[in-house]
Amino acid sequence: MLAALLIVSLLLVLQTGYGLYYRRQIRDVGRQLDFIGKHDSFKLITTQLQSRELSRLVESCNELLRERRAQNQRFIQKNEEIHETIASLSHDIRTPLAALDGYLQLAERAEPVQERTEPVPERAEQASHRADYVRLARSRIKGMAKLIEELFLYTKLQNPDYRLELSTVDAAELLRHSLVMQLEPIAATGYEPELALPSQALVVGQAHAIERVFGNVLSNYVHHGEGRLTIHCRETESEWEFMFANPLPPGRTIDAERLFQRFYKADPARSEQTSGLGLTIVQSLVQKMKGSVRAEQLDQQFCLWIRWPKKREERV
Amino acid sequence: MSRREIDDLRGTENQRGANSRILIVEDNAQISEIIAAGLRCEGFRCTQAYSGSEAMLYLAQTGYELIVLDLMLPGLSGEELISRLRGELCSSVPVIVLSARDQLDHKLELFARGADDYVTKPFELAELIARIHAQLKRAGPASEAEPAYRHKQLLLDSRTYHATVKGHPLQLTRQEYRILELLLKNPSRVFTKQDLYTLAWDEPYMGEDKTITVHISNIRNKIKAHCEQSYIETIWGIGFRLSRAQP
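The structure displayed is predicted, hence computed values, not measured ones.

Definitions and limits used
- Residues numbered from 1 in each chain as written.
- Chains lettered and ligands numbered in written order.
- Predicted model: local features only at pLDDT ≥ 70, side-chain atom pairs only at ≥ 80, totals over all residues.
- Helix = DSSP H or I, 4+ residues; strand = E, 2+ residues; numbered from the N terminus.
- Buried ≥ 20, exposed ≤ 12 C-beta atoms within 10 Å, placed from the backbone.
- Core = buried A, V, L, I, M, F, W, Y, C linked by C-beta atoms within 7 Å.
- Contact = placed C-beta atoms within 7 Å.
- Domains from an automatic or database assignment.
- Expected span 1.5 Å × (residues − 1).
- Arc of directions from axis to C-beta.
- Nonpolar A, V, L, I, M, F, W, Y, C, P; charged D, E, K, R; others polar.
- Pairing = 2+ DSSP bridges.
- pLDDT = per-residue confidence, 0-100.
- Axes fitted to C-alpha atoms, helices over the stretch in contact; angles between N-to-C directions.
- Parallel < 35°, antiparallel > 145°, perpendicular 65-115°, else oblique.
- Left-handed = near helix turned anticlockwise from the far one by under 90°.

Undergrad: So what's going on with the overall build of chain A? Residues and values would help.
TA: Broken down by element type, chain A carries seven helices and seven strands. Looking at the 316 residues of chain A, the share that counts as buried comes to 21%.

Right, dumping it as structure tokens:
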């Protein structure tokens, strides 16, 4: 009888002891959470007790804490990207702005328009009449407007919810139009492009976006390429592929990995009046149309492949 | 959506502009002033409204030959104005819209609502003026077609559909005539084969472009019989343009 009483009381003591220990563990977890919250720490919670329920609770808490840590890192990274972007842009916008203001100041001091007998000057050194400076100023404005417009487009395309309205369009004809629109700058290179295009290439896409893609690729050739531009077109079972190739200036190499990255410019001094967003926009637009784009440097040739899915019924 | 064209216009336009009244609806005072000044130089008479409701007031009192309309207006938006113009006022006055949006946005809705053309900001005054002339020509009272087009030794008579080179008549088919006329009307523009189909013949393109090649070849041969000079240039194998006049 006494033995039984003794055992029961012992069990009671043990149970209470366990209960108190349990409560202490929970309080400890609570304290750790408080600490993590108050000090923005990235510690995880630890516990000595092996109870199943408590372990599961602690694991769930730690899962949340890990996610919080990852979010924080993404936030910091985004912030850095924004600052980088602003720095690049600051240079790219201030430079033409300075030139613009400069030309207008020169215009203020220059002589008014006279009878023109000499040819229209292309460079500032040759300008002397007010009208010349005004014209030069206008061309800077055009450059800036294009740059800003590209920036807006780029920002819009970054939004994953932004969708293009797709339909069946003739990519070959759109390419021909894009070529015609850039007739002057392309002809100015002195090289006639070599074209092998089908009379029709029906793809699923958006007309303006495709024209934009071709426009940017051609612009890129005009600004950075050398020699003759070659454009070939190939049909596969489910896609149309357009290949653009041009020689590169001797010694120039293209980093195919970074080519499509924002603000990548082959010229480190960023001297061209381009935004550096041209090919990034190409990639974004093509991807929004469910196509793909790839670039590679083969010897001293720059090659770019763009593919669009074919109209559904035409697929084999 | 029909292709927008800027016709190559010659000097008669100033006279045509002289009696046209244009309503400019733009809330930005500077832009409004720039447009008004530019149009007045061309000989147009301009009224400036700075809001949709102000525009409605003017429209109730006077008639206009054309409206230049900014979409972003305080109060009554540009789009609503067009709706009311075509709906309540039953007006078919041509409307050219000024938009700060880019081409990737849905423009079709705008055209469905009754606008006739659009220009995106920032714009060239010259382009706006050219489009205004094009709209007025389209809407205007029986505007006679240009009587003749001339280029180097080539002469086209639009009333009789006759073409001559150095005085010698060319036996052109109707389709050949139309192609030549289109090239002469737009001397600096490059047309693709598809463009010629849709613009010269007003026919849907069916994926067959050998026809155009044959026609161009025929035209060239017919001209060559009388004159050695080149009149049609092939650009990069993808388009055609009127050959430049020799300096």
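What follows continues from the structure just given.
Undergrad: Go over the overall build of chain B, please, and point to the residues and values.
TA: Summing up its helical and strand segments, chain B has nine helices and twelve strands in all. Residues classed as buried in chain B amount to 25% of the 247 residues present.

Undergrad: Give a detailed account of unusual backbone geometry, specifying residues and quantitative values.
TA: Residues and elements named next belong to chain B. Residue Pro-122 is reached from Lys-121 by a cis peptide bond, and omega for that bond is -5 degrees. If you check the backbone angles, Lys-152 has positive phi at about 50 degrees while not being a glycine. Checked against the element boundaries, Lys-152 lands in the loop between β6 (148-151) and β7 (154-157). Lys-152 gets classed as partly exposed once you count the C-beta atoms within 10 Å, which come to 16. Not every positive phi belongs to a glycine, and Tyr-161 is a case in point at roughly 60 degrees. Checked against the element boundaries, Tyr-161 lands in the loop between β7 and β8 (162-165). Residue Tyr-161 is classed as exposed on the basis of its 12 C-beta neighbours within 10 Å.

Undergrad: Please provide a residue-by-residue account of the nonpolar core, values included.
TA: General note: in soluble globular proteins, nonpolar side chains tend to be found buried as a group. Residues and elements named next belong to chain A. Ala-171, Val-213, Val-217 and Phe-244 are the most contacted members of the largest nonpolar core, which has 36 residues in total. Broken down by secondary-structure element, the contributors of at least two residues to this core are α3 (130-158), α4 (171-181), α6 (207-224), β5 (239-247), α7 (278-288) and β7 (301-309). Those residues within four positions of Val-213 in sequence are excluded, and the remaining contacts are Val-282, Leu-285, Val-286 and Ile-306.

Undergrad: Please provide a residue-by-residue account of the domain arrangement of chain B, values included.
TA: If you check the domain split of chain B, you get domain 1 (13-139) and domain 2 (148-242). Computed over C-alpha atoms, the centres of domain 1 of chain B and domain 2 of chain B are 35 Å apart.

Undergrad: Run through helix α9 (residues 210-224) of chain B, naming residues and quoting values.
TA: Residues and elements named next belong to chain B. In this model α9 runs 21 Å from its N-terminal to its C-terminal C-alpha over 15 residues, within 8% of the 21 Å that 1.5 Å per residue would give. Among all positions of α9, only Ile-212, His-215, Ile-219 and Ile-223 are buried. Projection of α9 onto a plane perpendicular to its axis shows the buried side chains occupying an angular sector of 70 degrees, all on one side. Exposed residues pointing more than 90 degrees away from the buried face of α9 are listed as Lys-210, Thr-213, Val-214, Ser-217 and Asn-221.

Undergrad: Summarise the domain arrangement of chain A; cite the residues concerned and give the values.
TA: All names here are of chain A. One can read the domain layout of chain A as domain 1 (88-112 + 121-158) and domain 2 (167-314). Of the residues lining the interface, eleven residues belong to domain 1; the matching set on domain 2 comes to eleven residues. When contributions to the side of domain 1 that touches domain 2 are tallied by element, the ones reaching two or more residues are α2 (52-109) and α3. By residue number, the principal contributor to the side of domain 1 that touches domain 2 is α3, which donates seven residues. Residue composition of the side of domain 1 that touches domain 2, by class: six nonpolar, three polar and two charged.

Undergrad: Give a description of the sheet that holds strand β11 (residues 232-235) of chain B that names residues and reports values.
TA: Residues and elements named next belong to chain B. Strands sit in the order β10-β12-β11 across an open sheet of three strands; the sheet is antiparallel. What marks the edges here is a single partner per strand, and that holds for β10 (191-192) and β11. Bridge analysis of β11 against strand β12 (residues 239-242) gives four bridges, and the strand direction is antiparallel. Across the sheet, the residue bridging to Thr-234 is Phe-240, located in β12.

Undergrad: I'd like a rundown of the confidence of the model for chain B, residues and numbers included.
TA: Residues and elements named next belong to chain B. On average, residues of chain B score 82 in pLDDT, and 83% of them are at 70 or above. Segment residues 1-15 is flagged for pLDDT under 50; beyond a separation of four residues in sequence, or across chains, it makes 17 contacts in the model. Predicted complex metrics record ipTM = 0.71 and pTM = 0.72.

Undergrad: Can you explain the interface of chain B and chain A? Please cite residues and give values.
TA: If you look at the interface, chain B gives 15 residues, while chain A gives 17 residues. Residue composition of the side of chain B that touches chain A, by class: six nonpolar, seven polar and two charged.

Undergrad: Mind laying out the packing of α2 of chain A against α3 of chain A, listing which residues take part and the relevant values?
TA: Residue and element names in this part refer to chain A. Between α2 and α3, the least distance of the axes is 8 Å, while the angle of their chain directions is 160 degrees. When the axis of α2 is compared with that of α3, the two are roughly antiparallel. For the element pair α2 and α3, the recorded crossing hand is left-handed. Contacts between α2 and α3 involve Leu-89, Asp-92, Ile-93, Pro-96, Ala-99, Leu-100, Tyr-103, Leu-104, Leu-106 and Ala-107 from the former and Arg-130, Tyr-133, Val-134, Leu-136, Ala-137, Arg-140, Ile-141, Gly-143, Met-144, Leu-147 and Leu-151 from the latter. Residues of the contact of α2 with α3, tallied by class, amount to 17 nonpolar, one polar and three charged.

Undergrad: Summarise the sheet that holds strand β5 (residues 117-120) of chain B; cite the residues concerned and give the values.
TA: Residues and elements named next belong to chain B. Pairing is parallel in the open sheet, where five strands are placed in the order β2-β1-β3-β4-β5. Each edge of the open sheet is held by one strand with a lone partner, namely β2 (45-49) and β5. Averaged over all pairs of adjacent strands, the angle between strand axes in this sheet comes to 20 degrees, irrespective of strand direction. Relative to β5, strand β4 (residues 95-99) runs parallel, the two being bridged by four bridges.

Undergrad: Describe the pairing of β8 of chain B, and please don't skip the residues or the numbers.
TA: Side-chain positions along a regular strand alternate between the two faces of the sheet. Residues and elements named next belong to chain B. Pairing geometry for β7 and β8, over four bridges, is antiparallel. What sits directly across from Leu-156, in β8, is Ala-163. Linking β7 back to β8 in an antiparallel pair, the connection comprises four residues, with Tyr-161 at a positive phi of about 60 degrees. Bridge count for β8 against strand β9 (residues 168-170) is three bridges, and the pairing is antiparallel. When the sheet's bridge partners are listed, Val-165 is paired in β9 with His-168.

Undergrad: Account for the environment of Val-8 of chain A, naming residues and giving values.
TA: Residue and element names in this part refer to chain A. Checked against the element boundaries, Val-8 lands in helix α1 (residues 2-39). A tally of 10 C-beta atoms within 10 Å means that Val-8 is categorised as exposed. The spatial distance from the C-alpha of Val-8 to the C-alpha of Thr-189 is 100 Å, given a sequence separation of 181 residues.

Undergrad: Lay out helix α7 (residues 174-185) of chain B in plain terms, naming residues and giving numbers.
TA: Residues and elements named next belong to chain B. The terminal C-alpha atoms of α7 lie 16 Å apart, and with twelve residues this matches the ideal 16 Å at 1.5 Å per residue to within 8%. Where α7 is concerned, the buried positions are Ile-179, Leu-180, Leu-183 and Leu-184. Along the long axis of α7, the arc covered by the buried residues comes to 130 degrees, so they all point the same way.

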